[in-house]
Amino acid sequence: MMKKTSLFYLFLVTMLAGMLTACNSEPQEKDLFFSEEEVAKLTADGQLYTINEFLDAYMTEKGHFVHNNLYRTRAIYAVSGMDTLYLFSIDTIPTDGPGIYIRGRVTTDDYGGNFYKSMVIQQVVGGEQQALRISMDAGNVNGLYPRGQEMLIRCNGLSIGRYANQPQLCVPSYNNNVYAQNAEQKVGWAPGRIPIARFKKAVKRIGLPDESKLVYEEITDPTVYTSHVNHSDVIAARKWDGRLVRIKGVHFTGEYSSNGTRTACSAYSSSASTSGDPEKDGNANVFGPTTLGVGYPQGRVIATDGDVPFIVSTSEYAKYAHYYLPSKISTDVKTFDYTAYSGDVVGILGFYQDNGTSAVKYGLSWDDWSVTPCRITDIQMEDETGAAWVPVEFSKSYFK
Amino acid sequence: MKKLFILMGVMVMSLAISAQTTLKGVILDEETGQPVIGATVTLANQDIATTTNQAGEFAFLYLEAMDEELVIESDGYNPMIELVSLKKDQSTQLNPISLQPDLSARHQQEVVLNLAEQEMNDDEGLSQDQNASLSSSTDIFNSLTSFAWSSARYRNRGYNNDDEVTYIEGLNFNSAERGQFNFSAMGGVNDASRYKESVNPLEATNFTFGGIGKATNYLMGASHYAHGWKVGAAGTNRNYKAAVRASYSSGPLANGWTFMGQLAFRFGPYTGAKGQIGEGVDYYSMGYFFSAEKVWGTRHRLSLITFGSPTHRGQSGAVTQEVYNLTNVYNYNKYGCSWGYNNYNPYWGYQNGKMRNSRIVKSFDPTIVASYNFKIDENQQLHAALGMHHSWYSNSAIQFYNAVDPRPDYYRNLPSFMWDGQLDKSGAYIQKDLNDKSLGQGFYNYYGEYVGPSVDAHSYNELYNLWTSRDDATTQIDWDALYAANYANNAINPNGCAKYIQERRHNDISEISATANYQNTQFDHLKMTAGVELKQSVGSHYKTIDDLLGGNQWIDIDPFAERDIKELASNIGLTQAQIELVKQNDINNPYKVIRDNERFGYDYKLLMSNAKLWYQNEWTWHDIDLYYAIEATYSSMQRTSSMLNGRAYYLSMLHESMAEYYLGHNGFQILGGERYNKYIGWAHHFIDPGFKAGFNYKINGRNHIKFNALAMTQAPMARDAYWSPRVHDRVITTIYTHDRAKNLTDYFAASEKIVGGDLTYEFTYPIVRGRITGFYTRFWNGTELNGYYDDEARTFVNQAMTGIDRRHCGIEAALSVKLGTYFTLSGAASVGDYSYTDNAFVVTTAENGMALGETKSGAVFELVDRVLIKGLKVANGPQLNSSLKLSFFHPKMWFADVTISYFDWNWLDYAPARRMESLYTGTCYDSEGNQVSINGGYYKIYTSRDVSIDARELDAEGNVVTDQYGTPKLIAPYNILADQESIVSSKIWNRFLIDCSFGKLIYFKDRTSLSINLSVNNITNNTDFKTGGYQQARLPRSTRQGYTEGNSTINSNVWKFPAKYYYAWGTNMYFNVQYKF
C-alpha cells in the first residue's frame, strides 16, 4: 500500500514541477526602457553626438562609400562643373572603435500609411529642432518604436547617406529596380533600408514614449522654406528636412501642382467618364489618388489667406488616400467648396530631389517642398462656424 | 416407435461425435498466464481457421487425420507454429500453448503513437503528414513497415489520413470535421491502444463497412488485461524527455467485474539546447485510461471505458533551406557535408532569459464509451455501443496589429533578401549595371558562398553573422521586444489595441456516437452482419487570448479589412457608417475590447450529422471465401455563428443575389435590429452509397489468393466545404450545385467517387511466409481548400479546389524467412504511383472581398480557373519504400533487431496558386464565364520595365512546348516556380535510415517480470532526409509601373519564396523499463 501511495505522490510532484517550469515571468519595464543613467553608461565607450553634429561629422557631399574601388553614387544628377554636389550619397560609419551615438524622439507614425519602412527622429538642441530620417526594412515599425519614443542609436557599422538629397541613416544598397521609369539612369548604389534585425541591435529605448515632448515648428508663411530653392540654400536646407511642423491658417485649394503650375483637381462624374476616380485618375480631388503603379507621393496644394501655396504630400497607400480634400460637398457631389474649411496641417517637412533626367533641373521649386501628415487627424480644419471638418471617403455610391 | 427413433438418432449422433477427429486447446499469454482472446488459430494444411474465446479456448471439429501445422497469430504476440498429429476419430487436447508477447512491436507502437501525435499540427492548414500506421502485427507487411517506415512518413498506399478509419469498441472515432483520428487522445496510456483488430484495405470487417484504407478497431475491455500492477518509466531525446506510467488490472472478480486503470505522465521541459531534437519545445501530458467490464454468464458483456490525455506541447515549424543552412552552418565539415542537425525551430524565443514557445497545443479529449455484447444464441450476436467524446484542441500563435512581423524566419529578415532584385534573368548575380558598367567583384561569405557585387558585403555579413551565430533576438522570437512594444503602446495609447498578443485558436469538437451491429451465422457457410452507425458532431471554432503580452487590451477588428477599406468602399459605395461595420469581426459588438477569456475574431460552429447503414454477407467454404457489403451514408453539415462578420455583410451587398449565403437565414434580421443568438447558415445534406466485395481462393492451406474491390462516394469534409467559414456561410460551388440538384449528376457533384481493388497472393510455410499485393484505386472529384497571402492582391485569399482526380496504384510485398532457431530475416517493399490524373478546378476569392481582376463589365471578385496538376504526384510520403530486417529472438526472452530502410520517389506538395492555368495563358474567367484579363501576371518574366521573357518553353516554330499531360513547360530557372520538387536526397546513402532495437524480459520466481527495451532510430544520424514540407503559394512579383491593371509582374528572382521543409530527426532513442507485479 505504501508503495502505491508513493507512486501517486511521485506523479503529483512531477506534474507540478513540470507545470511550474512552463511558466514565464513578464519582463519588467525598467529592463526594456533605459534611464538617463543607463544611457550615460552605454555611451561611455564613445561619443554621443547631436544629430547635426553627427551629420557634420560623417555625411559628405559625394559620399565616401567605395565598392570594389569604384564610386557608384549617381553622378547623373551632378550639375556640370559642380561635381562635389550630389543628390545621392553614402558614407559608411566605422564599425569598430569608439561608439558613435545619436539620440532622438520619433516624430512619425506609419499607421496611416504615409510613411513606409522609415521614421524620423527629432532632437531639440538649444531650442532648435534637429531631425533625421531613418530607413529600415520593416513595415509598421512604429509598432516597435511608436511616435514619441526616444531612442539611443549606436551608429557603428551603419551608413549615413542622402536619398534624393534627404539625409538618412541607412545601409548601402544597390538600386536595381529595372521596372522603374528611366531605370537606366537610376540604377546604382543608394541609401537602402537597414535590416530590421540589425536596426534592433543598434537601438535602445530611452524611457517610455511621450508625444507631449515633441516640438512643433509653427509656420504661418511657407515661403520661409519655399524661397530656398538655389544650390547653396539646398545644402543649408538639408538640416530642415524631417522637421515636425505645423503650418497654420491654410486651406486646401483643390489643386495639384505640375512643375510649379497649379491645376484644378478633377471631380468624379457619374457619367461613363472615369475622370476623378481615384483608382484611375491621378488628378482626382482626394489626398492620394493612384500613381498608376509608380508609387510616388501625390501632392495637393494648400494656401494661406494670401494664397501662398504649399504642398501636402500623401501616398496612394495611405489609409486616407481616397478621402476628399477638405471642402463643403454639395449633396449631389458635383461641387466642392474648398475655401469652406481652413486651419492647420501638421506633418513632416521635406523636399525631394529626384527629378528625372535633366541635369539642369537641379535646384528646388516651391512645389518640391512638402509637408507629409502621418494621419488624417493631422489635418485640423474647421468651417466659419467652428465646426470641425469631418473626413469623407470617396465612394461611387454618391453618384448612383 | 417414436421413442425408438429418437434413441437411435441420439446413438447415431453420439457415434458420429465420438467418431470425429477433433482438436482443442487453449492459448495463454506467456508473460502473464492469462488467456489470449481473439487469437487466430489456423490449421495450415486443411485451411481451417477459428478464433479463441474469452477463455482463450479454441476447438476444431470434423478434421481430416494428418500431420498438421497449427498457426497461431494474435496482435501483440509473435506468431507461432505448432506441429500436431491428428489421429483418425480421436479427439486431441493440446497442452496450453503459451504465446510470447511481441515486446518489440509493443515498444515500437509507443514510439509510432508519439510520432503520430506530435504531427497533429493542423493549424492554418499547414499540417505535416501524419503517420497513423499503427497496424496489426498479424499482417506480415504491416508488422514490418509500421515502425520502420514511420520516420519517413510512409502512408499506406499513399492515401490520406481520412481514408483510414479508426474505431473504438465499434464506434467510429474519425473526426467528422477533420476526417482523421486524433492519436493524442490516447497519448501516453499505451495500454489503451494495445488490443485492436486491424483490417487491411478493402477486406471484410466485422465492425464497419470500412473504406478504401485500413480499418482499425481498438478493443479496450478490461478483460483483455492481465491481473496485476505494471509500473514503468521511459526516457527519450524526442519531444518529451521522460515518461512514467502505472497500471493495475483486477483480473476477473468473483462478481463478474473486471477493472483496469492506467495513469501516465510524460514530460519534457525546455532543454535550452539549440540545434538539438525538440529545440524550443516543451511537453507535458497526463494520460488516464479506465475500463470496467461486467460479464453475466456467457452471453452478456458490458464494458465501460474512459480515457483522456490532457496535453500541453510546444510545436516546431518548417523553414526554408536557407534557414536550415544558416542555423546549421557550423555543422558542416570541410567537405561541405552536414553532420549536424536540421532541428531549427522558428516558433520559440527567450523571454526574460527563459525559453518560450509561441505555438503551444493544448489538447484534451475525454472520452467515455459503453459497449455491450449480447450473445443471443450460438448463431447470433449483437454488439451495441454508445460513446461521448469532447475534444478540446487549441493552438496558440502570435497575432499582431500594426506592428513588425515577429517571425524570425520571415523572408525579409533573411540575408537572401539583401540580394533580392540583384539577380539577372538566368538567376546569376548581376555583374554590370544597366549602363553596362562593371560592378566589380563580388565576395564570399563566411560559409564560402559567393555573393554578387551588387550586394554590400559589410551589411550582408553583419546580418549573416547574426544568423550563423544564432543571435537570440534575430533567429528566435524576441519576446522582450514584443513586451516593449506593448508597454510603449500602453503609455501613448492606453485604450488602443495591443501590438502583439498570443492568441489561442480553438477547434473543439463534441461528438455523440452510437452503433449497433448484429451478426448471424445460422446458415451454413454464411455470416451475415448488419450495422448502423450514428454520430452527431459539433465543431466549435473561436479564438481567445492566451496572453496580452503586457498590452492593455485587444480590439476586435480585422486589420486586412481596415487597410483595404478604401477599395472596399469604392467597389460598392459604402457609407461611412457601413465602412465602420465592414472592419468589424462582430458587427453587433463593434470595436469590442478583449481583455480576458472572451471569444473574438470568429466564433462559429459546424454541426455535422452522420448516419450509416451497412450490411455484409460472408460465405466460407473449403476452397473459397466470398463476401460483399453495401452501405448508405447520410451526412449533413451546417454552420452557425455567434458573430456577424463585417466582411460577410460587405459580401452580401457585393453579391446581392447570393446575400443569404453570406448572411444565412436570419442575418438580415440581425442587421435589421432583431435579436438572435445565432446567425444560422444553410444546412447541406448528402447521401452516399458504397459497395464492396471480395474473395479468398485457398489454393491449399498455405497459399491463398485474395481479391477485393470497392466502389463508393463520399461527401466532402466540412473543413473543405466552406470558402471562408471564419467569415461567412458560402459553400463551395459543387455543394451549391448539389443543393439545387435537378439530376443525379448534380446530386453527386460534391461527392468524391472512389473505386479500387487489390489482388493478393499470400503464403505461409514453417520457414517462410509472405504476401504480395497489387492495388489500383481511383479517386474522382476530390475537394480541397487552401488559403494563403496573395502578393498581388495584397490580402489573404481562399482557393476552393474541386474535381481533384487521383490514381493510387502499386505493389506491396513482404517476406519473412526463419534463419535457424534465433534469427529471422524479413523484407518489405511498397512501390507505387500515386498521382493526379486530371486537372482540377479552382475558385479564388479574397477573404475580405477585394477585387481580384477586372472585366469590361467591372471588377471580378471570384476568379474561376483550372489548376494544372495532371501528372503531379500525390505528396503523401515516399512512393518507393523498402526495408530489410534481421531479428533475433532467444527463448529466454532476449530480442534484438536491426532494420535498414531505403526510401525514394518522394515529392513535395504543390501549391495550387503556382499551377493556375491562367499563369500559363494569361487569362481566366469570372463566375459567369467572362474572360478576365490579368495582364502581366503570368509566366512571362519581366526583366525590366517593358522587357519580358516568355518563361514557357517554345519550339522552333514558336509553339509552346507541353509535357505529356498538356501542361506548358517552363524554361530553367523559371521552372522551379511551378515544378513539383523531389525531396529525395541527391546522395543515395542519405536515402537510407537504419534503426535498431534491443530488449530483455526477465521473469522472477514470483511471476513478476521486468522488461527493458531500447530502440535507436536513424543510428547513422542521417540529417539529410526530408520528410515533407510544402511549396509556398506566394510568387515573386514586382510592381510594374504605369499600368493600371495587372500592375505587378513575376520577376526573375524565382528563389524569393522557396519551399519549406521538414527533416527527419537525427539519431534518436527511446528507452523503456517496465516492472510487472
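What you see is a predicted model; the values in this text were computed from it and never measured.

1. So, the overall build of chain B
Inference 1: A tally of helices and strands in chain B yields 18 helices and 56 strands.
Inference 2: Counting only residues that meet the buried cut, chain B has 52% of its 1077 residues in that class.
Inference 3: Considering only contacts within chain B whose residues lie at least 6 apart along the sequence, 69% involve residues at least 24 apart.

2. So, the overall build of chain A
Inference 1: Along its length, chain A carries 8 helices and 22 strands.
Inference 2: For chain A, the residues scored as buried account for 47% of the 400 residues in total.
Inference 3: In chain A, the proportion of contacts linking residues at least 24 apart, taken out of those at least 6 apart, comes to 72%.

3. Thoughts on the nonpolar core
Inference 1: By size, the foremost hydrophobic cluster in this structure holds 186 residues, and its most contacted members are A:I302 and B:Y500.
Inference 2: Counting residues per element, this core draws most heavily on helix 7 (residues 479-492) of chain B, at 8 residues.
Inference 3: Sequence-distant contacts of A:I302, defined by excluding residues within four places in its chain, comprise A:I247, A:V250, A:H251, A:F252, A:T253, A:F310, A:V312 and A:V345.

4. Side note on the sheet that holds strand 27 (residues 477-478) of chain B
All names here are of chain B.
Inference 1: Pairing is mixed across the open sheet formed by 3 strands, whose spatial order is 21-20-27. For this open sheet the edge positions go to strand 21 (354-357) and strand 27, each flanked by a neighbour on one side alone.
Inference 2: Taken together, the 4 bridges between strand 20 (residues 348-351) and strand 21 define a ladder with antiparallel strand orientation. Counted as the bridge partner of W348 is N357 from strand 21.

5. Concerning the sheet that holds strand 19 (residues 319-320) of chain B
Residues and elements named next belong to chain B.
Inference 1: Strand order in the open sheet formed by 3 strands is 19-55-52, and the pairing between neighbours is antiparallel. The two strands at the open ends of the sheet, each matched to only one other strand, are strand 19 and strand 52 (1026-1030).
Inference 2: Across 4 bridges, strand 52 lies against strand 55 (residues 1060-1063) in antiparallel orientation. Residue K1026 lies in a different strand from strand 55, and its bridge partner there is Y1063.

6. Structural notes on the confidence of the model for chain A
Residue and element names in this part refer to chain A.
Inference 1: Predicted confidence across chain A gives a mean pLDDT of 83, with 80% of residues reaching 70 or more.
Inference 2: Taken together, the stretch residues 69-84 has pLDDT below 50 and engages in 33 contacts with residues farther than four places along the chain or on a different chain.
Inference 3: Every residue in residues 356-360 is under pLDDT 50, and counting partners more than four places away or in other chains gives 8 contacts.

7. Looking at the pairing of strand 13 (residues 244-252) of chain A
Residues and elements named next belong to chain A.
Inference 1: With 3 bridges connecting them, strand 12 (residues 217-219) and strand 13 associate as parallel partners. Paired with I219 across the bridge in strand 13 is I247.
Inference 2: Examined bridge by bridge, strand 13 and strand 20 (residues 342-351) share 5 bridges and lie antiparallel to one another. Bridge assignment links V245 to a residue of strand 20, and that residue is G347.

8. With respect to helix 7 of chain B
Residue and element names in this part refer to chain B.
Inference 1: Compared with an ideal rise of 1.5 Å per residue, which puts 14 residues at 20 Å, helix 7 spans 21 Å between its outermost C-alpha atoms and is within 8% of the ideal.
Inference 2: Summarising burial for helix 7: 11 of the 14 residues are buried, a large majority.
Inference 3: Inspection of helix 7 places W479, A481, L482, Y483, A484, A485, N486, Y487, A488, N489 and N490 among the buried residues, and these make up the whole buried set.

9. Observations regarding unusual backbone geometry
All names here are of chain B.
Inference 1: The omega angle of the peptide bond from A972 to P973 is 0°, so this bond is cis rather than trans.
Inference 2: Position of P973 relative to the elements: it lies in the loop between strand 49 (948-950) and helix 18 (975-978).
Inference 3: Of note, the phi angle at N402 is positive, near 50°, even though the residue is not glycine.
Inference 4: When you line up the elements, N402 lands in the loop between strand 24 (380-400) and strand 25 (443-444).
Inference 5: Phi at Y591 is positive, roughly 50°, even though this residue is not glycine.
Inference 6: Structurally, the position occupied by Y591 is in the loop between helix 10 (576-582) and strand 31 (593-594).

10. Description of the environment of B:S513
Residue and element names in this part refer to chain B.
Inference 1: Position of S513 relative to the elements: it lies in strand 28 (residues 500-520).
Inference 2: The spatial distance from the C-alpha of S513 to the C-alpha of L171 is 6.8 Å, given a sequence separation of 342 residues.
Inference 3: Residues contacting S513, with those up to four places away along its chain left out, are L171, N172, G387, L534 and K535.

11. As for helix 5 (residues 457-468) of chain B
Inference 1: For helix 5 of chain B, with 12 residues, the first-to-last C-alpha span of 16 Å sits near the 16 Å given by 1.5 Å per residue.
Inference 2: Of all the positions in helix 5 of chain B, only B:S459, B:E462, B:L463, B:Y464, B:L466, B:W467 and B:T468 are classed as buried.
Inference 3: Buried residues along helix 5 of chain B sit in contact with strand 8 (166-175), strand 10 (194-195) and helix 6 (196-202) of chain A together with helix 4 (321-327) and helix 6 (472-475) of chain B.
Inference 4: Residue B:R470 follows helix 5 of chain B closely and has a positive phi angle near 55°.

12. Details of the pairing of strand 22 (residues 360-364) of chain B
All names here are of chain B.
Inference 1: Pairing between strand 18 (residues 311-314) and strand 22: 4 bridges, direction antiparallel. By the bridge assignment, R313 is partnered in strand 22 with V361.
Inference 2: Summarising the sheet, strand 22 and strand 24 pair through 4 bridges and their orientation is antiparallel. Following the sheet pairing, K362 is matched in strand 24 by S394.

Parameters at a glance
- Residues numbered from 1 in each chain as written.
- Chains lettered and ligands numbered in written order.
- Predicted model: local features only at pLDDT ≥ 70, side-chain atom pairs only at ≥ 80, totals over all residues.
- Helix = DSSP H or I, 4+ residues; strand = E, 2+ residues; numbered from the N terminus.
- Buried ≥ 20, exposed ≤ 12 C-beta atoms within 10 Å, placed from the backbone.
- Contact = placed C-beta atoms within 7 Å.
- Core = buried A, V, L, I, M, F, W, Y, C linked by C-beta atoms within 7 Å.
- Pairing = 2+ DSSP bridges.
- pLDDT = per-residue confidence, 0-100.
- Expected span 1.5 Å × (residues − 1).

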